[in-house]
Every structure is written in C-alpha cells, then in structure tokens.
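# Descriptive structure summary
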Amino acid sequence: MDYRSTRSEFRCNSLDAVLRGIAPDGGLFVSDSDIGKGFDWKAVIGLDTLGMAEKILSHLLPDFKDMKDLVNKAYEGKFETKDLTPVVKVGDKYVLELFRGPTSAFKDVALSMLPQLIIAAKKQTGDDKETVILTATSGDTGKAAMEGFHDVPGTRIIVFYPDGGVSPIQRAQMATQEGANVKVCAVRGNFDDCQTAVKVAFSKINSMKELSQAKKALSSANSINIGRLAPQVVYYFKAYSDLVSMGRIKMEDKVDYVVPSGNFGDILAGYFAKLMGLPVRNLVCASNENKVLTDFIRTGVYDKRRPFYRTSSPSMDILVSSNLERLLFLASGCNASVVSKWMSDLSSEGIFTVDEKYMAKIRETFLSYSCTEKETIRTIGDVYKKDNYLCDPHTAVGMKVADDYRKDKKDDVPTVVLSTASPYKFPTPVSEAIGLEVKGSEFEQIKAINLKTGVPVPKNLSSLESKKSVHNDVIDRENILKYVLSVLGI
Ligand SMILES: *Cc1c(COP(=O)(O)O)cnc(C)c1O
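The following refers to the structure shown. (Residues numbered from 1 in each chain as written. Predicted model: local features only at pLDDT ≥ 70, side-chain atom pairs only at ≥ 80, totals over all residues. Heavy atoms only, no water.)

## Focus: the packing of aromatic side chains
To keep it simple, the criterion reads: In this analysis, rings of Phe, Tyr and Trp, with Trp reduced to its six-membered ring, are considered paired at centre separations within 6.5 Å, and the interplanar angle assigns stacked below 30 degrees, edge-to-face beyond 60, and tilted for intermediate values. A run of H or I in DSSP counts as a helix once it spans at least four residues, and a run of E counts as a strand once it spans at least two, with each numbered from the N terminus. Summary of the burial criterion: residues with accessible area below 20% of their type's maximum are buried, those above 50% are exposed, and those between are partly exposed, where the area comes from a 1.4 Å probe applied to protein chains only. Over a ring means this: the NZ of a Lys or the CZ of an Arg is within 6 Å of the ring centre and within 35 degrees of the ring normal.
Tallying each qualifying case throughout the model produces 15 aromatic pairs. Considering the side-chain rings of W41 and Y240, the 5.8 Å spacing of their centres and the 85 degrees angle between planes classify their relative orientation as edge-to-face. Within this pair, whereas W41 is found in the loop between β3 (29-31) and α2 (49-60), its partner Y240 is found in helix α10 (residues 226-245), the two being separated by 199 residues in sequence. Under the relative-accessibility criterion, W41 is labelled buried at 12%. On the accessibility criterion, Y240 (0% relative accessible area) is buried. Over the ring of Y369 we find R298, and its NZ or CZ is 5.0 Å from the ring centre.

Here it is, written out as structure tokens:
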C-alpha cells in the first residue's frame, strides 16, 4: 500500500509519508488503494491489544520492518492498564477509555507510537537528518507529543499553543516539560490562528535551502501525519473485541461509535476501521458549541465564518478540521482537483459546499449532533449521580450526544462512546458539575474532587504541582517563523 496526496498525484511509500507528515502540495496522505484489501479483520478480534496493534499497523504501514518490536517499545509499561484502552459499561452505553496513557489524554495512544515510527523510518531510509517536529496544539497533542519525543536522539520538538486557550493543568503539563530537545511557546490568538500560522511557517521553512544544509527536516505530530492516525485505528477493533468477549455482541453484529471531535482525526480512524472490515454501523460526530462539523455533516456546507467559542472542552474548540480533507477525498472517489478547490475556497472565502451525491456517501456512515456548554456541565453531573462515573467535559459531550442519538435510533445496537481525557485534566468544570464549590488552584480542586469521588488521580497529574515551569515564552503569531528559525539556529 502506497500513499498519495489528497491534492495532487504526488505519491510515496509509508516510510516517506510518516517522515514528511504532509505532502509537498499541502495535501494530506491517504492510501492509494482500498485499505480493506488483504486484511482479515476477524483474525485480530480476540488478540491482546499489542497483538492487534502489530497486525493493524503492519497492514496500514507495510514498509516498516519489525512492527512488533516498535509496538512493544511504544507501549510496554507506559499505560495504567495492560490492555491500554479499557472498555467500561456506564448505564446503557460503553465507554472506551483512551486516557490511561502517560499524559492522561487519548493522544497518548498515537503519540507513544509516532516517535518509534519516525526513528524506524529514518533508519530504514538511511536518513541522518535531525527530525524537527513542529506542532500546534489545542492542549493535549503538545504534551503527549513531548512526552513521546523528549530526549529521543535525532529529534527535536517545538510546540505552540493558544495563550489562554488551554486549561491551567494543560498549561502546567507543557510548561514543566523536561528534555534538552523540547521547546514550548504560547501564541496570542485562538487555536485556529495558531494552527494556521504554524502550517504557514511549516511550508515556508520546509522550502528553505538552509534547512537541508543544516541537515534538518520538518515533520508534524498533528493528526495530519498518517503515522499518528494509524495507531488510532487499533482501539476501534479493541472495543469491538471487548464487546464480543463480554457476550454483548456476536461476531459481525454492528456497533455504533460516538466520537467527541475537533480535528476529525479520531473519528476518521474509525472510518478506516470500517473500511478494513470492522462492522461499524454509524460513526457519530459529537461537537461542542463550535459545531462546524455537525453543521457540515447535516447540510453539506462547511462554513467557518462564525463566532469562535472557548468552552470547557478546549481540544474541540476548532473551526478548521484538518482531517475532514481525507474523508472528502475518499467520498469524492479520490478526486484531488475537487478537494483542492474546496480547500482553496475554505482558505480564501472561509466556506465551501459539497455536492449532495458526495454528502450521501458520507452520511451512509457519519451522523452528527452537538452539545451546548450548559448541557456538557449538566451531563458530567448527571452521569456521576446516575451511574457513579466521572467523565471529563470532552467525554461528556460524547455522552450527551450518545443519548440524543440513541433516542433517535431506538434499537439494540450497542453504543461505544470514546472517552478522550481524564476528568482531572479539567478540574474547574468538573468541580462545578458535581456540586463542589470551585475555589483555589486547579491542583486544590483535583484534591477536592478526589476526596468527594474517590476516583484515583493519575500520577502524572498529581506530581505536576511540585514541578518547575521552564517554558514561559509568549509571542504573536507573525513571529512563529522567526521563533522556529532561532530555535533551529538558522
Ligand atoms: C484532540 C482531542 C479531541 C478531538 O480529537 P480529534 O482527533 O482532533 O477530532 C477530543 N478530546 C480530547 C480530550 C482531545 O485531546
């Protein structure tokens, strides 16, 4: 299986696709053939998580040698639970807990794997350049990426996040990051401003001859990198396998997945799982008040010209969802010119419209609902009271949407809600939701929540308070390019 750009005929193998992150024309890499071909999905059901990861990743990234070794190095001993991503029954739904990794965010699943893939790809291709990871984060990617890349030889990582646009805990996680090869910087503006400016800086620097003269190459840890998306396919199979072993379903029964969405990477991985044969009925896109994706799936009009809201689920405060481009490409029958046109309309006009025939294809699998800020907080409280389960605001958006979806469907197909963060990453809204008086620092709130609920605090978060903040830079987005060049010394 090779990869090709969503915007041109540019092609490369899976090693190159991982190293490049993004195609030279600005497009994203997608498989150039039917990704289900030659994959026996039933053969992975029942395997342990690492075994599943090995099989699935070998299929999606076929040029990597010894995937088993890479998977073991990525995951062994790094997660709270041996099966990495446990499934828990909560009321009438199943919660797929993706936050048991080293930074308590679902991004750990992919970002534990990505450094291994990059190191291996460099080794196999004889690439001796320093890999510079340039990443914009809405809160969780940055920390999870640094955790994966810090002190990895031959790599450097620079993370930008929106100043004031992440939770105090998320900020503390990033500002205290140790490692000689890491740099973190806040950017004035919201996440979309930050991500767009980083993308522009990325392509400018990428075309500079000084970069290759300095023996450096840029790559990305955002979900535009196929090496980041592929590991996320695994947990869709894992959840299905768990439902089979619980006796809730038989092989080949359908399952629905509800996915709290922002950049559309997590839910797209579910689509890949479906294309690989997994019996997925619907993928339900759950949005917060920044419901650009929900509106798009319902109307076919993607319109980012709308107010931007800061919510208690900041990792979903996104109006430009990068990975949607991959779905559009697949739905259009791999039509790079129509995708290029939509993307250029989006950047020049802020809006594009997708024809009904393509939307019908998308709606065969994707449905969408949104959840207001009030409903998010209420849901955390309700789920805690009713089911004695504490969820974070992103997961709460998924839980509320799952209820709305199930009301519409009224059938017995099981609903799996992807849980994307630990509630302790967002103690302010969680405290409010479960009726605690919100006072003191977020660290004090963590203790109060723990005292009331008895839910254990992940170690990486409880140890954060005593760590020193070492990254305190704040810049305007016009200065991102200059900042990167100075860090790189070119
Ligand atoms: C990144 C993130 C999401 C959104 O995932 P996408 O792949 O960007 O759609 C949801 N919840 C949390 C906690 C996240 O960190």
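## A closer look at empty space enclosed by the protein
Sizing a probe to match a water molecule and rolling it over the atoms shows the empty space that remains. How we decide: For each structure, a 1 Å grid was placed over the protein atoms alone; sets of points admitting a 1.4 Å probe that cannot get out are labelled cavities, open sets with protein on both sides within 12 Å along at least five of seven lines are labelled pockets, and lining residues have an atom within 4 Å of a point. Grid points are joined across faces, edges and corners, and a volume is the space filled by probe spheres set on the points. Side-chain classes follow a simple rule in which Ala, Val, Leu, Ile, Met, Phe, Trp, Tyr, Cys and Pro form the nonpolar group, Asp, Glu, Lys and Arg form the charged group, and the remainder, Gly included, forms the polar group.
All chains considered together, the criterion is met by 2 cavities of 30 Å³ or more. For the largest cavity, the calculated volume is near 260 Å³. Lining the largest cavity are 25 residues; nearest its centre among them are F106, K107, G262, N263 and S315. Within the residue set of the lining of the largest cavity, elements represented by two or more residues are α6 (140-149), α10 and α11 (265-275). Residues that form the lining of the largest cavity fall into these classes: 8 nonpolar, 13 polar and 4 charged. Considered as a void within the structure, the second largest cavity measures approximately 70 Å³ in volume.

## Describing the site of the ligand
Note the following rule: By convention in this text, a residue qualifies as near a molecule or strand provided that one of its non-hydrogen atoms is within 4 Å of it. Polar contacts, as used here, are pairs of N or O atoms within 3.5 Å; protein pairs need one atom able to donate a hydrogen and one able to accept it. Residues neighboring in sequence count only if both atoms are side-chain atoms. Only the protein chains shown count as cover for residues, and the accessible areas themselves come from Shrake-Rupley with a 1.4 Å probe.
Around the ligand, a shell composed of 15 residues is seen, among which K107, D140, G262, N263 and T420 lie nearest. A distance of 2.6 Å separates an oxygen atom of the ligand from a polar side-chain atom of D140. One of the backbone N or O atoms of N263 is found 2.7 Å from an oxygen atom in the ligand. Here the ligand loses 98% of its free accessible area of 380 Å² to cover by the protein chains. Here the residues of the shell around the ligand are counted per class, giving 5 nonpolar, 7 polar and 3 charged.

## Some details on the layout of surface pockets
Taken as a whole, the largest pocket holds about 1200 Å³ of empty space. Going through the elements one at a time, α1 (14-20), β6 (130-136), α8 (191-206), α9 (209-213), β9 (216-219), α13 (324-331) and α14 (336-349) are the ones with two or more residues in the lining of the largest pocket. Looking at the lining of the largest pocket, the element that brings in the most residues is α8, giving 8 residues. For the lining of the largest pocket, the per-class residue count stands at 20 nonpolar, 16 polar and 10 charged.

## Description of the sheet that holds β3
Adjacent strands of a sheet pair through backbone hydrogen bonds, lying either parallel or antiparallel. Here is the rule we go by: Pairing between strands requires that DSSP locate at least two bridges from one strand to the other.
Reading across the sheet, the 3 strands line up as β2-β1-β3 and stay open at both edges, with antiparallel pairing between neighbours. Looking at which strands have only one partner, the edges of the open sheet turn out to be β2 (11-12) and β3. By the bridge criterion, 2 bridges tie strand β1 (residues 3-5) to β2 in an arrangement that is antiparallel. Each residue of the ladder has a partner; that of R4, found in β2, is R11.

## Topic: the sheet that holds strand β4 (residues 87-90)
Inclusion rule: Here, axes are lines fitted to C-alpha atoms. For helices the fit covers the stretch in contact, and angles between N-to-C directions go from 0 to 180 degrees. Note on contacts: a residue pair qualifies if any of its non-hydrogen atoms lie within 4.5 Å across the two residues.
Read from one edge of the open sheet, 6 strands run β4-β5-β15-β10-β11-β14, paired in mixed fashion. Sheet topology places β4 and β14 (366-370) at the edges, where each strand pairs with a single neighbour. Between one strand axis and the next, the sheet turns by 25 degrees as a mean value, whatever way the strands run. The pairing of strand β10 (residues 255-260) with strand β15 (residues 415-419) spans 3 bridges and is classified as parallel. When the bridges of β15 are listed, D256 appears paired with T415. Along the sheet, α11 contacts β10, β11 (280-287), β14 and β15; its crossing angle with β11, the most-contacted strand, is approximately 175 degrees.

## A closer look at the packing of helix α7 (residues 168-175) against helix α19 (residues 442-453)
Counted only if it meets this: For a crossing to be left-handed, the near helix must be turned anticlockwise from the far one by less than a right angle; the clockwise case is right-handed.
Following both chains from N to C, one finds α7 and α19 inclined at 115 degrees, their axes separated by 10 Å at the closest point. Classified by chirality, the crossing of α19 by α7 is left-handed. Only E442, F443 and I446 of α19 make contact with α7, whose side of the interface consists of P168, I169 and A172. Taken together, the residues of the contact of α7 with α19 sort by class into 5 nonpolar, no polar and 1 charged.

## Remarks on helix α17 (residues 393-409)
Spacing of three or four residues puts side chains on the same side of an α-helix, whose turn is 3.6 residues. Spelled out, the test is: Multiplying 1.5 Å by the helix residue count minus one yields the expected span of that helix.
Relative to the 24 Å expected for 17 residues at 1.5 Å per residue, α17 spans 24 Å between its end C-alpha atoms, a close match to the ideal helical length. Counting buried positions along α17 gives 12 out of 17 residues, so the element sits mostly inside the fold. The complete set of buried residues in α17 reads P393, H394, T395, A396, V397, G398, M399, K400, V401, A402, D404 and Y405. Remark: K410 follows α17 within two positions and exhibits a positive phi of approximately 50 degrees.

## Here's the deal with the packing of α13 against helix α15 (residues 356-363)
For clarity, the cut-off: Each angle receives one of four descriptions, namely roughly parallel if under 35 degrees, roughly antiparallel if over 145, roughly perpendicular if within 65 to 115, and oblique otherwise.
Following both chains from N to C, one finds α13 and α15 inclined at 110 degrees, their axes separated by 9 Å at the closest point. On the basis of the axis angle, α13 is roughly perpendicular to α15. In this structure, α13 meets α15 at a crossing whose hand is right-handed. Along its contact with α13, which presents L327, L328 and A331, the element α15 presents Y358, K361 and I362. Classifying every residue of the contact of α13 with α15 by side-chain character gives 5 nonpolar, no polar and 1 charged.

## Concerning the side chain of T137
Inspection of the secondary structure puts T137 in the loop between β6 and α6. Among the polar contacts made by the side chain of T137, one reaches the main-chain amide nitrogen of T141 at a distance of 3.2 Å. Each residue touching T137, except ones within four places of it in the same chain, is listed here: G142, V159, F160, Y161, P162, M174 and F191.

## What about the pattern of salt bridges?
Rules: By definition, a salt bridge exists where a carboxyl oxygen of Asp or Glu is found within 4 Å of a side-chain nitrogen of Lys or Arg.
Summed over the entire model, instances satisfying the criterion amount to 33 salt bridges. Of the charged contacts in the structure, one is a salt bridge between R4 and E9, with a shortest N-O distance of 3.7 Å. Here the salt bridges share partners, and the residues they tie into one network are R4, E9, R11 and D32.

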